Each structure stands twice: as structure tokens, then as C-alpha cells.
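Listed here are the chains, written in short residue letters.
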Amino acid sequence: IDMALPSIERVPVNFSQHKKMWIYGAPFSGKTTVVDGAPTPLNLNTDGNVKAVTMARLPIKDTMEGRQKKLAWDVFKGAIDDLEAGSEFKTIVLDLTEDIYDHCRKYMCDKRGWEHESDDSFKAYDIVRSEFLRVIRKLVNLPYNIILISHQDVSKDITKRSGDKVTKIRPNIADKIANKLAGMVDIVVRCIKDNDHYVLSTKTSDVIFGGGRLTSLKAVDVPNCWESIDAMYATVTAQERTETHEAPTEVEEPTPTTNDAVDANDEVMEQLKTALANTEVSEEPKRRTRRTRN
């Protein structure tokens, strides 16, 4: 089969069309609530914790079709196939990612006749991991905003060179998988409940898992709301346009705009930090009513 090579022209950097994110945090830190404000979201839900949000949800669990049991992994793959065929949703939320991995390993063990991966320890773990990442990669590549959600794990301590022990903060999934997932998304964001404030943190360090491709986005703590996420992407887009002297391009979903100047990132982030300082939240983050966009 003949395959035409692409043009030698460089392709403009564009993070604004679809957002690809991985959000993690402790229970009750606002992970699901923040994506309730996303455009037309669908929650592929594994744990049933969607009572406090308004978004559409599809339970990912073992079901019965007549007398035949359909495993949750098959339900999940079927949902991806339906989304690939097209839908009116704009944002797909995977809630929780580690539960989906457990459904995958259960499916593969059932298919291979294992009680556990250790039954075939030389290759079983790789087989399960490859199947999981293959399907997640298919999900992330769909033309929607894709938001992966995970709980945070603080059970591991590491010893610094000074001899001090510190707690490692990371998503609740194996390191090999976490590193692969982080490579599929634009940015990893942590949800934090700080006293009575709910924030999104892009900060990362040797002990805090994070990072991403939005390299011009500075590490900050911002209010836990979808508008903050829009502003993050808008800031990066404005900075890149400034550096490449490109004219703004129209996108389907409008996002907050910034002045087309070199200090666009600083300006927006200062506004976000000011908003955080002036925000007093004494209860679970409030759901935001999505505005109808013309």
C-alpha cells in the first residue's frame, strides 16, 4: 500500500483543541467535582461516587447479559468503541483509573486461566500492563477532552541524602504504569484540600508526582474549578503564540484569553493566585452551572 509522506512544513503547537489531563488527589479533595464543570462531560465511573455531580455517567462494572456475565473490561472497551463512532459528549472522564486497571487484570486472568499474575510471573504482568495501556492509549487519542482521575498514594517513604525520610505523593497505581500514563497526557494535576480551600496544584518535586508538556506553565496552586484549567491552557497557548509570532486560531470551545505579550503567563497566573486568595470555601466545592456558549 502506497503511503504519502506528510509535508515538510512544521505543524503549529496546539494544546487548545482537546485537553488531555490526569488529575489525582486524596479522597474528598474535589477531583470529580472539578470536571463536572467541563463541557458536556461523560463519567466512565467505577466506584459509584457521582452523587454530588450532575454529569452523565456510565457505570463500568461486571454485568449480566441474559445468563452470560460480561466483565467490566469488556464494558469499558465497548464504551470506547461507541465514543470512537461519535457522540455529543465533549469531555470523557475516567473515574477511577486504577479501578480500570484492576478490571483489566481480572479480565486477562480470566482469559488466560490465571488466578493471579504470579501464576505466570515471567510474562503475565507485562501482558496485563500491555493490554491496559493499549486500550487507554486508544481512549486518550479520541477527539474529546480526556480526563483521567486517580486517588493519591502516600504510603511510600523515601530517604533523602541528608538521611531525612519524606513521604512520596503520587497516583495510586504502579510506577511503570504511572510513567506511561503521564506520557500520554498534557499535564498531571494534583487536587488538594487545604483547610477550607480546594485547589489544583501543578507543583512537582522529587517527592510529588507531576509535570507535563505545558512547559511554559509555571508551578502554582489555583482555585479548584474548570475555569482554572481553561486559564492554564489559554496561558500556555498565548505564550506559544508570542514566542512563535503566530496569529491566534479559532477553536471549537472558547477559552479565557490573555494579552498577546511575553508576560502573558505571569499575568494570568497572578490573577488565578489572587482569585484563590480571595476565595473562601467552607464546604465541598460547589458545582458550577455550565454557561451556554454561542
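One can find the structure itself at the top, above this paragraph.
Residues numbered from 1 in each chain as written. Predicted model: local features only at pLDDT ≥ 70, side-chain atom pairs only at ≥ 80, totals over all residues. Heavy atoms only, no water.

**Some remarks on the pairing of strand β2 (residues 41-45)**
Here is step 1 of the chain: The element β2 is largely enclosed, with a buried count of five among its five residues.
Here is step 2 of the chain: Neither face of β2 is exposed, since P41, N43 and N45 on one face and L42 and L44 on the opposite face are all buried.
Here is step 3 of the chain: Looking at chain direction, β2 and strand β6 (residues 91-95) are connected through five bridges and run parallel. In the strand pairing of β6, P41 is matched with T91.
Here is step 4 of the chain: By the bridge criterion, four bridges tie β2 to strand β3 (residues 56-59) in an arrangement that is parallel. Bridge pairing in β3 places L44 opposite L58. (Buried < 20%, exposed > 50% of the residue type's maximum accessible area, 1.4 Å probe, protein only. Helix = DSSP H or I, 4+ residues; strand = E, 2+ residues; numbered from the N terminus. Pairing = 2+ DSSP bridges.)

**As for the packing of aromatic side chains**
Centre distance and the angle of the planes are the two values used to describe a pair of aromatic rings.
Here is step 1 of the chain: Using the criterion set out here, one finds four aromatic pairs in the structure.
Here is step 2 of the chain: Between the aromatic rings of W22 and F209, the centroid separation amounts to 5.8 Å while the plane-to-plane angle is 75°, which identifies the pairing as edge-to-face. Remark: F209 occurs in the loop between β10 (197-201) and β11 (211-212) and W22 occurs in strand β1 (residues 20-25); sequence separation between them is 187 residues. Assigned by exposure class, W22 and F209 land together as buried.
Here is step 3 of the chain: Among the aromatic residues, ring-to-ring pairing joins W73, F76, Y101 and F132 into one connected group.
Here is step 4 of the chain: Taking NZ or CZ as reference, K19 lies 5.3 Å from the ring centre of Y233, over its face. (Phe/Tyr/Trp six-rings, centres within 6.5 Å; stacked < 30°, edge-to-face > 60°. Lys NZ or Arg CZ within 6 Å of the ring centre and 35° of its normal.)

**Comments concerning helix α4 (residues 124-140)**
Here is step 1 of the chain: If you check α4, its first and last C-alpha atoms are 24 Å apart, about what 17 residues at 1.5 Å a residue would give, namely 24 Å.
Here is step 2 of the chain: Residues of α4 that are buried sit in contact with β1, α2 (72-85), β6, α3 (97-112), β7 (145-159) and α5 (175-184). (Expected span 1.5 Å × (residues − 1). Contact = heavy atoms within 4.5 Å.)

**Digging into the packing of α4 against α5**
Here is step 1 of the chain: One way to put it is that α4 packs onto α5 with a least axis distance of 11 Å and a crossing angle of 20°. If you check the angle between α4 and α5, you find them roughly parallel. Along this stretch, α4 crosses α5, giving a crossing that reads as right-handed. Here R129, F132, L133, I136, R137 and V140 of α4 come into contact with α5, specifically with K176, I177, K180, L181 and M184.
Here is step 2 of the chain: Looking at side-chain class alone, the contact of α4 with α5 contains seven nonpolar, no polar and four charged residues. (Axes fitted to C-alpha atoms, helices over the stretch in contact; angles between N-to-C directions. Parallel < 35°, antiparallel > 145°, perpendicular 65-115°, else oblique. Left-handed = near helix turned anticlockwise from the far one by under 90°. Nonpolar A, V, L, I, M, F, W, Y, C, P; charged D, E, K, R; others polar.)

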